[in-house]
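Here's the letter readout for the chains.
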Amino acid sequence: MGRKKLEWYPGAVYHVTARGNRRNDRLKEKIDFKFYLKCMEESLS
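Attention in this report is confined to the structure presented alongside it. (Residues numbered from 1 in each chain as written. Predicted model: local features only at pLDDT ≥ 70, side-chain atom pairs only at ≥ 80, totals over all residues. Heavy atoms only, no water.)

**Side note on the overall build of the protein chain**
Part 1: Looking only at helices and strands, the protein chain features one helix and zero strands.
Part 2: Taken along its principal axes, the extent of the C-alpha atoms in the protein chain is 35 × 35 × 10 Å.
Part 3: Burial status across the protein chain gives 0% buried among its 45 residues.
Part 4: For the protein chain, the distance from the average site of its 11 positive side-chain charges to the average site of its 6 negative ones is 7 Å. (Helix = DSSP H or I, 4+ residues; strand = E, 2+ residues; numbered from the N terminus. Buried < 20%, exposed > 50% of the residue type's maximum accessible area, 1.4 Å probe, protein only. Lys, Arg positive; Asp, Glu negative; His and termini not counted. Charge placed at Lys NZ, Arg CZ, Asp CG, Glu CD.)

Written as structure tokens, this is what we have:
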């Protein structure tokens, strides 16, 4: 079953996670983690 669409509010704080299947890590290499952080930083600007 799908989830209800989340409403986004300007200035709100959201908790973001990145997990793989069965809670396995998705970002195993350091370079992958750096790229993930870069994407997150860019999304805040």
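Once the structure has been displayed, the description carries forward.
**What about unusual backbone geometry?**
Part 1: At arginine 22, a position not held by glycine, the phi torsion is positive, near 55°.
Part 2: Tracing the chain through its elements places arginine 22 in the segment before α1 (30-44).

**A few points about the environment of leucine 37**
Part 1: Position of leucine 37 relative to the elements: it lies in helix α1.
Part 2: Along the primary structure leucine 37 and arginine 3 are separated by 34 residues, whereas in three dimensions their C-alpha atoms are 26 Å apart.

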